[in-house]
Amino acid sequence: AEAEAGAGGPRLAELLAAGRRLWDELEAGAEPSSGAPAVQDKVRQGLEALQRAAAMVAQLELFSENEELEEIASADLKFLLLPALLGALTLKQVDMSRRLEHLQSAREHFVHFLKLCSNYGLGAAPLPPAGPTEGGTGGEDTPRAEPSLVAMAMSRKAKIERYKQKKELENKLASMRSFVEGGTADEDQIREFYILQIQKWISTSLEELESIDQEMVILKSRDAARQAPAAPQGPSRPIRAPVRPFILTRDAAQAKVFGAGYPGLPTMTVDDWYEQRRRQGIVSGQSVPQRAPGVSDEELQKQQQEKKEEEDDEEALQKARNWDDWKDTHPRGYGNRQNMG
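These numbers were taken from a predicted model, which means no experiment stands behind them. (Residues numbered from 1 in each chain as written. Predicted model: local features only at pLDDT ≥ 70, side-chain atom pairs only at ≥ 80, totals over all residues. Heavy atoms only, no water.)

**Quick word on the overall build of the protein chain**
No. 1: When its secondary structure is counted, the protein chain shows eleven helices and two strands.
No. 2: Secondary structure elements of the protein chain, listed N to C terminal, follow the sequence α-α-α-α-α-α-α-β-α-β-α-α-α.
No. 3: The proportion of buried residues among the 341 residues of the protein chain is 28%.
No. 4: Partitioning the intrachain contacts of the protein chain with sequence separation of at least 6 by distance along the chain shows that 63% fall at a separation of at least 24. (Helix = DSSP H or I, 4+ residues; strand = E, 2+ residues; numbered from the N terminus. Buried < 20%, exposed > 50% of the residue type's maximum accessible area, 1.4 Å probe, protein only. Contact = heavy atoms within 4.5 Å.)

Next up, the structure:
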């Protein structure tokens, strides 16, 4: 593998170095928004460089499942980081219309990196469970059992331990970086430096995979809610035919008078209008006042009052009797003392 890497020349190392440099600039960048054009240009350039490097590694068959870690040249160990860096840069893209696609792509890169590390026994990297894009039911989320309290506690403890190990690795890498990059480190120090980097990225990949799976569940639930048909909000109201304009009159006599003056508009008495509305089901028959033909409004009101007094309305009857008695004993104008003369 060392000879084949050498045949690839410094071009492969330059591509990896360019991708690493852009990643470091993005992590330490001062841009307030990840969607800024300058940030996304660096993401695009970093992805292009790393994708070209990964294609060259695959063409050279730099890594094999049948070899041991000791068989990999120290200078070639850094190329194991390519899938992890590709996954991290893929997550930096901000096109929300393709967010699910980017999450799936990043997940594939991280899983590929962990599988490589597992093959070489690096960091005892545990492989994550199959996600939405692996195995199962052809792309759909497989139902998972509710985690027990013991499992949750163990997971939390593992995260804490992983965080502590990551911090220790970062401190070691910071102390060794100047020697390796300055060219004063020997081969053993270079090998240790790259293995520490790989172990740090194993921890980072596990964290990113957990975050990716959670976000994918949220996005799929949101898309399912958008595609679900809207539930009916209530019974639909019957469509009524439009009402044609007409002249409303008190009685038939007025209808004849107005009808003669406005031949273009039909006339309708109140009784006819109520009857029409009752047939349409808009008003009930009890709300229609029954009126004899030729009876005026004053007469109808008087008849209703007399009918009311004749019924069991004791209060109205008693009030009318008291008023009659008072008028018998008090002449008209009684009590008016304002215009005495």
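**Observations regarding the packing of helix α5 (residues 99-119) against helix α7 (residues 187-227)**
No. 1: At their nearest, the axes of α5 and α7 sit 9 Å apart, and the two run at 150 degrees to each other. With respect to α7, the axis of α5 lies roughly antiparallel. Of the two elements, α5 crosses α7, and the hand of that crossing is left-handed.
No. 2: Considered class by class, the residues forming the contact of α5 with α7 number 16 nonpolar, two polar and six charged. (Axes fitted to C-alpha atoms, helices over the stretch in contact; angles between N-to-C directions. Parallel < 35°, antiparallel > 145°, perpendicular 65-115°, else oblique. Left-handed = near helix turned anticlockwise from the far one by under 90°. Nonpolar A, V, L, I, M, F, W, Y, C, P; charged D, E, K, R; others polar.)

**Some details on the packing of helix α3 (residues 37-60) against helix α4 (residues 82-90)**
No. 1: Between α3 and α4, whose axes approach to 10 Å, the crossing angle comes to 155 degrees. In terms of their interaxial angle, α3 and α4 are classed as roughly antiparallel. Where α3 crosses over α4, the two elements pack in a sense that is left-handed. Of the residues in α4, those touching α3 at V43, G46, L47, L50, Q51, A53, A54 and V57 are L82, L85, L86, L89 and T90.
No. 2: When the residues that make up the contact of α3 with α4 are grouped by side-chain class, the tally is ten nonpolar, three polar and no charged.

**Examining α5**
No. 1: The terminal C-alpha atoms of α5 lie 30 Å apart, and with 21 residues this matches the ideal 30 Å at 1.5 Å per residue to within 8%.
No. 2: Taken residue by residue, α5 has R99, H102, L103, A106, R107, F110, V111, F113, L114, L116 and C117 as its buried positions.
No. 3: Elements in contact with the buried residues of α5: α4 and α7. (Expected span 1.5 Å × (residues − 1).)

**Details of the packing of aromatic side chains**
No. 1: Throughout the structure, instances matching the rule amount to four aromatic pairs.
No. 2: Their ring planes at 55 degrees and their centres at 5.8 Å tell us that W23 and W201 sit as a pair that is tilted. Pair noted here: W23 is in helix α2 (residues 10-27) and W201 is in helix α7, with a separation of 178 residues, a long-range link.
No. 3: Judged by its relative accessible area of 12%, W23 falls in the buried class. (Phe/Tyr/Trp six-rings, centres within 6.5 Å; stacked < 30°, edge-to-face > 60°.)

**As for the nonpolar core**
No. 1: Counting 57 residues, the largest nonpolar core has F63, F79, L80, F113, L122, I198 and W201 as its most contacted members.
No. 2: Those elements giving two or more residues to this core turn out to be α2, α3, α4, α5, α6 (149-182) and α7.
No. 3: Ranked by the residues each element gives to this core, the list is headed by α7, at twelve residues.
No. 4: F63 has contacts with V57, I72, D76, F79, L80, L116 and Y120, leaving out every residue within four places of it along the chain. (Core = buried A, V, L, I, M, F, W, Y, C linked by side-chain atoms within 4.5 Å.)

**Comments concerning the confidence of the model for the protein chain**
No. 1: When pLDDT is averaged along the protein chain, the result is 77, and 67% of the positions lie at 70 or above.
No. 2: Mean pLDDT across the elements of the protein chain ranges from a minimum in helix α1 (residues 2-8), with 42, to a maximum in α4, with 97.
No. 3: Low pLDDT, under 50, characterises residues 1-9; the predicted model gives this stretch eleven contacts beyond four residues in sequence or across chains.
No. 4: Taken together, the stretch residues 133-146 has pLDDT below 50 and engages in 17 contacts with residues farther than four places along the chain or on a different chain. (pLDDT = per-residue confidence, 0-100.)

**Some points on a negative patch on the surface**
No. 1: A contiguous patch of negative charge, built from D186, E187, D188 and E192, is present on the exposed surface.
No. 2: Accessibility expressed as a relative area gives 42% for E192, which makes it partly exposed. (Patch = residues over 30% accessible without salt bridge, like charges linked within 9 Å, V, L, I, M, F, W, Y side chains within 5 Å. Areas by Shrake-Rupley, 256 points an atom, 1.4 Å probe, with all protein chains shown as cover. Salt bridge = Lys/Arg side-chain N within 4 Å of Asp/Glu carboxyl O. Lys, Arg positive; Asp, Glu negative; His and termini not counted. Charge placed at Lys NZ, Arg CZ, Asp CG, Glu CD.)

**As for α4**
No. 1: Of all nine residues that make up α4, nine are buried, and the element is covered over most of its length.
No. 2: Within α4, the full set of buried residues consists of L82, P83, A84, L85, L86, G87, A88, L89 and T90.

**Regarding the side chain of Q197**
No. 1: Tracing the chain through its elements places Q197 in helix α7.
No. 2: Non-local contacts of Q197, meaning those with residues more than four positions away in its chain, are made with R20, L81, L173 and R177.

**Topic: the environment of Q104**
No. 1: Mapped onto the elements of the fold, Q104 is located in helix α5.
No. 2: By relative accessible area, Q104 is classed as partly exposed at 25%.
No. 3: Between the alpha carbons of Q104 and I212 there is a distance of 8.2 Å; along the sequence they are 108 residues apart.

**Side note on the pattern of salt bridges**
No. 1: Taken as a whole and assessed by the stated rule, the structure comprises twelve salt bridges.
No. 2: As a salt-bridge pair, R44 and D41 come within 3.8 Å of each other at their nearest N and O atoms. On the criterion of helical spacing, the pair formed by R44 and D41 is a turn pair, its members being three residues apart in helix α3.
No. 3: Owing to a relative accessible area of 36%, D41 belongs among the partly exposed residues under this scheme.

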